[in-house]
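So you can see what is in the structure, the chains are spelled out below.
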Amino acid sequence: MIRTHTVIDSPVGPLTLVALDGLLTGVYMREQRYRPPQEFFGHPDPEPFGEVTAQLGAYFAGTLKEFDLPMNLVGTPFQKEVWAALQQVPFGETLTYGGLAERLGRPPSAARAVGSANGHNPVSIIIPCHRLVGANGDLTGYGGGLPVKRYLLDLERGTLF
């Protein structure tokens, strides 16, 4: 297994893109809660990230609403199930953690487990973990910080000033 990485600028700060065997496996913000240590990222190599960089640029420009990238996700079966379900939450919309649990056929009490899997999402922005909100619709924890979560939701809703 070969890991490589590159760092790109974005409106939410530098993003570290990580590939495993040439496929995207991570998008990490500088202050991300579960950001792996630097040695996890492998050696610098921008080559595998051309399409990722292009799609992120289009997303931040407001012209891309759905990412289409091959990924090599590493996680538990439950985490992968949650990450797949997150990709079904439409651009510009939000869903509660309990609502996502229900979509997975789990009781609303599984909201905490969904929240944990959501928080360990290794591919921020592309797998839109920012679209999950608290039971009352409030913005709750986000690995990149609540200001970034608000920015991404405002971007998607077209309400950036």
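Since this is a predicted model, take the numbers as computed values, not measurements.

Cut-off values and rules
- All residue numbers refer to positions counted from 1 along the written sequence of the respective chain.
- For this predicted model, a pLDDT threshold of at least 70 governs which residues receive local features, and a threshold of 80 or more governs which side-chain atom pairs are given and counted, while totals over whole chains, interfaces and linings are taken from all residues.
- Values shown for side chains rest on all heavy atoms present in the structure; no hydrogens or waters enter the calculation.
- Numbering of helices and strands starts at the N terminus; helices are DSSP runs of H or I of at least 4 residues and strands are runs of E of at least 2.
- Radius of gyration: over C-alpha atoms. The globule rule applied is 2.2 Å multiplied by the number of residues raised to the 0.38 power.
- We call a residue buried when its accessible area falls under 20% of the maximum for its residue type, exposed when it is over 50%, and partly exposed in between, using a 1.4 Å probe and counting protein chains only.
- It only takes one pair of heavy atoms within 4.5 Å for two residues to be counted as in contact.
- The protein chains shown are the only cover counted for residues, whose accessible areas, like all others here, come from Shrake-Rupley with a 1.4 Å probe.
- Charged residues are defined narrowly, with Lys and Arg counted positive, Asp and Glu counted negative, and His plus the chain ends left uncounted.
- We put the charge of a Lys on NZ, of an Arg on CZ, of an Asp on CG and of a Glu on CD.
- Definition of nonpolar core: a set of buried residues of the types Ala, Val, Leu, Ile, Met, Phe, Trp, Tyr and Cys, connected through side-chain atoms within 4.5 Å.
- When the centres of two rings from Phe, Tyr and Trp lie within 6.5 Å, Trp using its six-membered ring, the rings pair. Their planes under 30 degrees apart give stacked, over 60 give edge-to-face, and anything left gives tilted.
- UniProt positions are given in the numbering used here, feature names are shortened, and annotations may be inferred rather than shown by experiment.
- Following DSSP output, two strands are said to pair if at least two bridges run between them.

Draft legend 1. Geometry of the overall build of the chain. Helices and strands together make up the secondary structure of the chain, namely five helices and six strands. If you list the helices and strands of the chain from N to C, you get β-β-β-β-α-α-β-α-α-β-α. Computed over C-alpha atoms, the radius of gyration of the chain comes to 15 Å, within 12% of the 15 Å expected from 2.2 N^0.38 for 161 residues, which places it in the range of a compact globule. Along the longest, intermediate and shortest principal axes, the C-alpha atoms of the chain span 40 × 40 × 25 Å. The burial tally for the chain puts 45% of its 161 residues in the buried class. Restricting the contact set of the chain to residue pairs at least 6 apart, pairs at least 24 apart contribute 58%. Approximately 8100 Å² of the chain is accessible, and the part contributed by carbon and sulfur atoms is 53%. Counting 13 positive and 15 negative side-chain charges, the chain places the averaged centre of each group 8 Å from the other.

Draft legend 2. Summary view of the nonpolar core. In this structure, Leu15, Leu56, Tyr59, Phe60, Ile125 and Ile126 are the most contacted members of the largest nonpolar core, which totals 40 residues. Those elements giving two or more residues to this core turn out to be β2 (15–20), β3 (23–29), α1 (50–60), α2 (77–86), α3 (97–103), α4 (111–119) and α5 (146–157). The contacts of Leu56, once residues within four sequence positions are left out, are Ile8, Leu15, Leu17, Phe67, Ile125 and Ile126.

Draft legend 3. Examining the packing of aromatic side chains more closely. Inspection of the entire model under this criterion finds five aromatic pairs. Residues Phe40 and Phe41 carry aromatic rings whose centres are separated by 6.1 Å and whose planes lie at 75° to one another, so their mutual orientation is edge-to-face. Its relative accessible area of 28% is what places Phe40 among the partly exposed residues. Ring centres of Tyr59 and Phe60 lie 5.3 Å apart, and the angle between their planes is 75°; this geometry places the pair in the edge-to-face category. Accessibility classification places Tyr59 together with Phe60 in one group, the buried group. Among the aromatic side chains, those forming a connected cluster through ring pairs are Tyr59, Phe60, Phe67 and Phe91.

Draft legend 4. Expanded view of the UniProt feature "domain: Methylguanine DNA methyltransferase ribonuclease-like" (unreviewed entry) in the chain. Feature annotation in UniProt assigns "domain: Methylguanine DNA methyltransferase ribonuclease-like" (unreviewed entry) to the following positions: residues 5–72. The distance separating the terminal C-alpha atoms of residues 5–72 is 14 Å; by composition the span is 16% helix and 28% strand.

Draft legend 5. Up close: the pairing of β3. In terms of burial, β3 is largely enclosed, as six of its seven residues are buried. What sits between β2 and β3 in their antiparallel hairpin is a turn of two residues, with Asp21 showing a positive phi close to 50°.

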